[in-house]
Amino acid sequence: LVYTLIYTPMKPRTALSTYVGTIPGALPPIIGWVAAWPGFPSMDRFTHPGGWSLFLLMTVWQLPHSFALAWMYKDDYARGGFRLLPVIDASGSKTSLTIAAWAAAQIPATLAPAWAMPEVLGWPYATLAVVSGLGYLWLAFRLLKTRAVADARKIFFVSIMHLPLLLVAMVAEAAVRRLL
């Protein structure tokens, strides 16, 4: 409902639509979290910080990813009538600053699952999250300096690798801990 009734109609009206669009994009992990536990539906599972840490991770990850994509195709979005941030930010200064800010926010957001689920995730995941987050942030600062489409493209493609890497690391560490 958020995607269809709020996010989609907002796209031609305001650049804030990208932020609203993160909600339906971040719901699947928390839905899976709640549904995967015995006793479904359980309010305890819905309020557990582990599920919300995954929601936070997905929410924050989507923003630099989406802004980089919109930067790459801002002319197409403009022709389509969408008022995304890169479309209305001709110089790219606000967009690059926004991408860098959200890339920086990704580091604590990627650490949130380790803080929320210390029995499942520890230093191996946290180390990978920080190292990959710093690499991502370095690319964002590069974009902030150059404002080049090529650097936005790098951020977009790195974002496609960054999230699965983190999710696979979570599953791998949780599986190893279960076996031990």
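Residues numbered from 1 in each chain as written. Predicted model: local features only at pLDDT ≥ 70, side-chain atom pairs only at ≥ 80, totals over all residues. Heavy atoms only, no water.

*Asks:* Describe the overall build of the protein chain, naming the residues involved and giving the relevant values.
*Replies:* Across its full length, the protein chain holds nine helices and zero strands. The N-to-C order of helical and strand elements in the protein chain reads α-α-α-α-α-α-α-α-α. At 17 Å, the protein chain has a C-alpha radius of gyration in line with the 16 Å of a compact globule built from 180 residues. Per-residue burial for the protein chain yields a buried fraction of 43% across its 180 residues. Considering only contacts within the protein chain whose residues lie at least 6 apart along the sequence, 69% involve residues at least 24 apart. Averaging the locations of the 14 positively and 7 negatively charged side chains of the protein chain gives two centres separated by 7 Å. (Helix = DSSP H or I, 4+ residues; strand = E, 2+ residues; numbered from the N terminus. Rg over C-alpha atoms; globule rule 2.2 N^0.38 Å. Buried < 20%, exposed > 50% of the residue type's maximum accessible area, 1.4 Å probe, protein only. Contact = heavy atoms within 4.5 Å. Lys, Arg positive; Asp, Glu negative; His and termini not counted. Charge placed at Lys NZ, Arg CZ, Asp CG, Glu CD.)

*Asks:* How would you explain a nonpolar patch on the surface if you had to name every residue and give the values?
*Replies:* On the surface, Leu1, Leu5 and Ile6 cluster together into a nonpolar patch covering about 360 Å² of accessible area. You can see Leu5 is positioned in helix H1 (residues 2-10). (Patch = residues over 30% accessible without salt bridge, like charges linked within 9 Å, V, L, I, M, F, W, Y side chains within 5 Å. Areas by Shrake-Rupley, 256 points an atom, 1.4 Å probe, with all protein chains shown as cover. Salt bridge = Lys/Arg side-chain N within 4 Å of Asp/Glu carboxyl O.)

*Asks:* Explain the packing of H1 against helix H2 (residues 17-35) to me, using residue names and the numbers behind them.
*Replies:* Packing of H1 against H2 leaves a shortest axis separation of 8 Å and a crossing angle of 165°. Between H1 and H2, the crossing angle belongs to the class labelled roughly antiparallel. By crossing handedness, the relation of H1 to H2 is classed as left-handed. When H1 is examined against H2, the residues Val2, Tyr3, Ile6, Tyr7 and Met10 are found in contact with a partner set consisting of Ser17, Thr18, Val20, Gly21, Ile23 and Pro24. (Axes fitted to C-alpha atoms, helices over the stretch in contact; angles between N-to-C directions. Parallel < 35°, antiparallel > 145°, perpendicular 65-115°, else oblique. Left-handed = near helix turned anticlockwise from the far one by under 90°.)

*Asks:* Outline the side chain of Asp89, listing residues and values.
*Replies:* With respect to the helices, strands and loops of the structure, Asp89 is situated in the loop between helix H6 (85-88) and helix H7 (93-116). Here Asp89 occupies a buried position and makes no salt bridge, while the nearest side chain of opposite charge, Lys94, is found at 5.9 Å. Here Thr95 takes part through its backbone nitrogen, which lies 2.7 Å from a polar atom of the side chain of Asp89. If we ignore the near neighbours within four places in the chain, the residues touching Asp89 are Lys94 and Thr95. (Polar contact = N/O pair within 3.5 Å; in protein donor to acceptor, adjacent residues only side chain to side chain.)

*Asks:* Could you give me a rundown of the packing of aromatic side chains, with the residues and numbers involved?
*Replies:* The geometry of an aromatic ring pair is captured by the separation of the ring centres together with the interplanar angle, meaning the angle of the planes. Tallying each qualifying case throughout the model produces six aromatic pairs. Between Tyr3 and Tyr7 the ring centres are 5.0 Å apart and the planes differ by 50°, which places this aromatic pair in the tilted class. Of the two residues, Tyr3 and Tyr7 are both situated in helix H1; the distance of four residues between them amounts to about one turn of the helix. With relative accessibility at 16%, the residue Tyr7 sits in the buried group. Each residue in the set Tyr19, Phe67 and Trp102 is aromatic and connected to the rest through ring pairs, giving one cluster. (Phe/Tyr/Trp six-rings, centres within 6.5 Å; stacked < 30°, edge-to-face > 60°.)

*Asks:* Just give me the short version of the pattern of salt bridges, but keep the residues and values in it.
*Replies:* Where charged atoms of side chains with opposite charge meet at close range, the side chains can pair. Counted by the stated rule, this structure contains four salt bridges. Between Asp76 and Arg79 there is a salt bridge whose closest N-O contact spans 2.2 Å. On the criterion of helical spacing, the pair formed by Asp76 and Arg79 is a turn pair, its members being three residues apart in helix H5 (residues 74-79). On the accessibility criterion, Asp76 (42% relative accessible area) is partly exposed.

*Asks:* How would you explain unusual backbone geometry if you had to name every residue and give the values?
*Replies:* Phi is positive for Arg147, close to 55°, though the residue is something other than glycine. By secondary structure assignment, the location of Arg147 is in the loop between helix H8 (123-146) and helix H9 (149-179). Looking at Arg147, the relative accessible area reads 39%, which means it is partly exposed.

*Asks:* Describe H2, listing the residues and the values that go with them.
*Replies:* Over its 19 residues, H2 extends 28 Å from the first C-alpha to the last, a length consistent with the 27 Å expected when each residue adds 1.5 Å. The largest bend in H2 amounts to roughly 35° and is located at Leu27, with the proline Pro28 lying one to four residues further along. Of the residues making up H2, those classed as buried are Ser17, Thr18, Val20, Gly21, Thr22, Ala26, Ile30, Trp33 and Val34. (Expected span 1.5 Å × (residues − 1). Bend = angle between axes of the 7 residues up to and from the residue.)

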